[in-house]
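# Fold and geometry: a report
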Amino acid sequence: MTSLPPPAPVGAGLLAPLLPARVTVVDTFHDSTGAVLFPAEEALLTRAVPKRRQEFTTARHCARAALARLGIPPAPILPDPRGAPGWPEGIVGSLTHCVGYRAAAVAETSAVAALGIDAEPAEPLRDPDVLAMIADAGERAALDELAAGHPDIPWDRLLFSAKESVYKTWYPLTRQWLGFHEARIALDPDGTFTAALLVPGPTVAGIPLTGFTGRWRVGDGLAVTAVAVSAAPPHPPGPPEDSRAHAIR
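Residues numbered from 1 in each chain as written. Predicted model: local features only at pLDDT ≥ 70, side-chain atom pairs only at ≥ 80, totals over all residues. Heavy atoms only, no water.

## Observations regarding the overall build of the chain
Scanning the chain from N- to C-terminus turns up 5 helices and 10 strands. Relative to its 249 residues, the chain shows a buried fraction of 47%. Restricting the contact set of the chain to residue pairs at least 6 apart, pairs at least 24 apart contribute 64%. Carbon and sulfur atoms form 57% of the exposed surface of the chain, whose accessible area is close to 12100 Å². (Helix = DSSP H or I, 4+ residues; strand = E, 2+ residues; numbered from the N terminus. Buried < 20%, exposed > 50% of the residue type's maximum accessible area, 1.4 Å probe, protein only. Contact = heavy atoms within 4.5 Å. Areas by Shrake-Rupley, 256 points an atom, 1.4 Å probe, with all protein chains shown as cover.)

## A few points about the sheet that holds strand β3 (residues 101-108)
Taken in spatial order, the 3 strands line up as β1-β3-β2 in an open sheet, and their pairing is antiparallel. The outermost strands of the open sheet, each flanked by one partner alone, are β1 (24-28) and β2 (91-98). Sheet twist, expressed as the average angle between the axes of neighbouring strands with direction ignored, equals 10 degrees. Across the sheet, helix α2 (residues 50-69) lies against β1, β2 and β3, angled at about 35 degrees from β3, the strand it touches most. (Pairing = 2+ DSSP bridges. Axes fitted to C-alpha atoms, helices over the stretch in contact; angles between N-to-C directions.)

## Some words on the sheet that holds strand β4 (residues 112-121)
Ordered by their spatial adjacency, 5 strands build an open sheet running β4-β10-β9-β6-β5, and the pairing between neighbours is antiparallel. This sheet does not close on itself; its edge strands, each paired only once, are β4 and β5 (183-188). Sheet twist, expressed as the average angle between the axes of neighbouring strands with direction ignored, equals 20 degrees. Bridging between strand β9 (residues 211-219) and strand β10 (residues 222-230) involves 6 bridges; their strand directions are antiparallel.

## What to know about the environment of Ala 104
Position of Ala 104 relative to the elements: it lies in strand β3. Each C-alpha atom, one on Ala 104 and one on Thr 24, is 8.2 Å from the other, the two residues being 80 residues apart in sequence. Ignoring any residue separated from it by four or fewer positions in sequence, one finds Ala 104 in contact with Thr 24, Val 25, Val 26, Ala 59, Cys 62, Ala 63, Ser 94, Leu 95 and Ile 117.

## Brief notes about the packing of aromatic side chains
Evaluated as defined, the whole model comprises 5 aromatic pairs. Members of the aromatic cluster, each reached through a chain of ring pairs, are Tyr 167, Tyr 171 and Trp 177. (Phe/Tyr/Trp six-rings, centres within 6.5 Å; stacked < 30°, edge-to-face > 60°.)

## Looking at the pairing of β4
Within a regular strand, side chains alternate between the sheet's two faces. The buried count for β4 comes to 9 of 10 residues, which makes it a mostly enclosed element. Both β4 and β10 contribute to a ladder of 9 bridges, which runs antiparallel. Considered in β10, the bridge of Gly 116 is made with Val 227.

## Remarks on the environment of Lys 168
By the secondary structure assignment, Lys 168 is in helix α5 (residues 155-174). Judged by relative accessible area, Lys 168 falls into the partly exposed class, the value being 22%. In this structure the C-alpha to C-alpha distance between Lys 168 and Ala 114, which are 54 residues apart in sequence, comes to 8.4 Å. Residues contacting Lys 168, with those up to four places away along its chain left out, are Ser 94, Leu 95, Thr 96, Leu 115, Gly 116, Ile 117 and Asp 118.

No statement about biological role is implied by the geometric values presented.
Rendered as structure tokens:
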């Protein structure tokens, strides 16, 4: 494939409000019938079931549409040995897909050091053993408190999603694994969350990271989370750069 990608999917608009304006997001509720893959990408799908092919293809279609908005020509987006997508030089990004939704977020490394996005069905985790696997006792107790005040929000699913977004942000900075119990997540009903690292973090803009901050949203049957780390040194506290989406609705 050498031409520009087909027109971008109709944007769902779920993730963009959770990320800084310098991050370009393309997302969709529909698989693209006009999306095509590079031969190297096709080679990864020789044994893939149709569902896997659809999500892989549309996620990369979203990614190439987002990259095109930054003036980046289409190129293969191949996973590394741990499945993280490989981006063009000077670009950071993240992909996510779940039933009925695909999304890509990209940014220039001059503005954003790393970012992670994740989308999940807006429903409680089906297997109670999963919560024990991903959350410590303190996190589980906090979920109980949140559920008491806002029982309509799938807090356990949001916790899982937040940990996925944190890992996707962490890995490009370190190229190391981060276990579920190596970052403690605190969700806030205002649509934000924090992740305290329980292992030494990477250094960004000359400052060692001890954690991440992110945002979450529930709507259209989905629970989505996002994290972005600025490439610039932090500024003194002040008004947020972007207005927050209303998280609980």
